[in-house]
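One letter stands for each residue in the lines below.
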Amino acid sequence: MPSLLIAKLTVRSSYVLDSERPADGRFDTMQFYLPDDGLAVFRIRTFALDHDIHVQRLTPPNGTLEDRVAMLRAHLDRTVGPVLAAVTFVSAPDLSRQDLVAAGIVNGDLHVATEPTFAFWNPGGGQYHTRAAPIAPGERDGLSEVVYLGGIARFWLPESWQIEQDVDTGGCFYDPEGTGVLRLNVLTFATPGDGLPALPRSSRKPGERQIDSGILPNDCGFDVYTFDTVEDDEPLRIRYWQIAQALPGQCRIFLFSYAYPIVDEDVLADEIALLDRELRRMIPHPTPV
């Protein structure tokens, strides 16, 4: 019959914001859903700060149910042992809240997802959805973290790049052997209210070409657009990533700009794609400063 191995953790965290706090009635979990014997096992990780959920399909461990549960229990000790509060095994023949109650879990509900089919314990009744895919193994090989001006922003760039940052002039990042230059400026505005969602701009200035816009998984609004210009008789293209973060009483605008010779656009295609991926994953400081 289906079953769940549930680990309650002593922290509440956000994967998107890379933030962790002690549990206070809300808490993270790591769970394993085991369908009928022979089927894949699902690893479910829930993040309580922003109701994020990551689901990974695993090859089922060999052996009896008891053997499989023992191996998964050992995995919990290795991976989340320092923040492990309690582990509960739940037989789930009905795939309902009653299965939780029978195992001694009286709060929350059992949610059943489809495509793929798996079940997980939702302890607080919040609406969980996947806000950002986990970083794939090897995806950031060759990259290093940039902590901008003490942590107002964090993002990843090629480790071979030159990093220059100044509180007055902003940030300048570039490959010493390349032709493109990335810059960052952060603007902060006082705002009334409790931090309504920061929305992207609704109109473009003359000459700007819209590429993308919307809301990022970290709830920041974003715009991506380009603008062509000429500098020293050389045609340049500037790609902008404008990211707006709304906070209580404050709004921050992170303006990244990447300038490069238009003639080099095909050569720089992979570099532009990497910047687009990593700048959308930028981690802003989570509180007003």
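As a starting point, this report considers the structure included with it.

Examining the overall build of the chain
Looking only at helices and strands, the chain has 3 helices and 19 strands in total. When its C-alpha atoms are laid out on the principal axes, the chain stretches across 75 × 45 × 30 Å. Look at the contacts in the chain between residues 6 or more apart in sequence, and 50% of them connect residues 24 or more apart. Carbon and sulfur atoms form 52% of the exposed surface of the chain, whose accessible area is close to 14,900 Å². Charged side chains in the chain number 25 positive and 41 negative. The centres of these two groups are separated by 6 Å.

Looking at the side chain of Q245
Position of Q245 among the secondary structure elements: in strand 17 (residues 234–247). A relative accessible area of 5% places Q245 in the buried class. A distance of 2.7 Å separates polar atoms of two side chains, one belonging to Q245 and the other to R252. Polar side-chain contacts of Q245 include one of 2.8 Å to the backbone oxygen of H285.

Brief notes about the environment of P286
With respect to the helices, strands and loops of the structure, P286 is situated in the segment after strand 19 (283–284). It is 9.4 Å that separates the C-alpha atoms of P286 and D18, two residues lying 268 residues apart in sequence. The residues contacting P286, other than those within four sequence positions of it, are L17, Q245 and L247.

Examining the pattern of salt bridges
One pass over the structure, following the stated rule, counts 17 salt bridges. Measuring nitrogen to oxygen at the nearest pair gives 3.3 Å for the salt bridge that ties R45 to D28. With R45 in strand 5 (residues 41–47) and D28 in the loop between strand 3 (19–22) and strand 4 (29–34), this pair connects stretches of sequence that are 17 residues apart. In this structure D28 comes out as buried when scored by relative accessible area, which is 0%. Across the salt bridge formed by D50 and R131, the nearest N and O atoms sit 3.5 Å from each other. Of the two residues, D50 sits in the loop between strand 5 and strand 6 (52–58) while R131 sits in the loop between strand 9 (118–122) and strand 10 (143–148), which places them 81 residues apart along the sequence. As far as the burial class goes, D50 and R131 line up, both buried.

Some remarks on the nonpolar core
Counting residues in hydrophobic clusters, the biggest one holds 25 residues, and the most contacted among them are F155, F173, L182, F256 and Y258. For this core, the elements supplying multiple residues, two or more each, are strand 10, strand 11 (153–158), strand 14 (181–190), strand 16 (221–231), strand 17, strand 18 (250–261) and helix 3 (269–280). Broken down by element, this core gets its largest block of residues, 4 residues, from strand 18. Those residues in contact with F155 that sit more than four places away from it in its chain are S144, E145, V146, Y148, F173, L184, F256, L279 and M282. Within the second largest apolar cluster, 16 residues are counted, among which are Y33, F42, L100 and A119.

Basis of the calculations
- Residues numbered from 1 in each chain as written.
- Predicted model: local features only at pLDDT ≥ 70, side-chain atom pairs only at ≥ 80, totals over all residues.
- Heavy atoms only, no water.
- Helix = DSSP H or I, 4+ residues; strand = E, 2+ residues; numbered from the N terminus.
- Contact = heavy atoms within 4.5 Å.
- Areas by Shrake-Rupley, 256 points an atom, 1.4 Å probe, with all protein chains shown as cover.
- Lys, Arg positive; Asp, Glu negative; His and termini not counted.
- Charge placed at Lys NZ, Arg CZ, Asp CG, Glu CD.
- Buried < 20%, exposed > 50% of the residue type's maximum accessible area, 1.4 Å probe, protein only.
- Polar contact = N/O pair within 3.5 Å; in protein donor to acceptor, adjacent residues only side chain to side chain.
- Salt bridge = Lys/Arg side-chain N within 4 Å of Asp/Glu carboxyl O.
- Core = buried A, V, L, I, M, F, W, Y, C linked by side-chain atoms within 4.5 Å.

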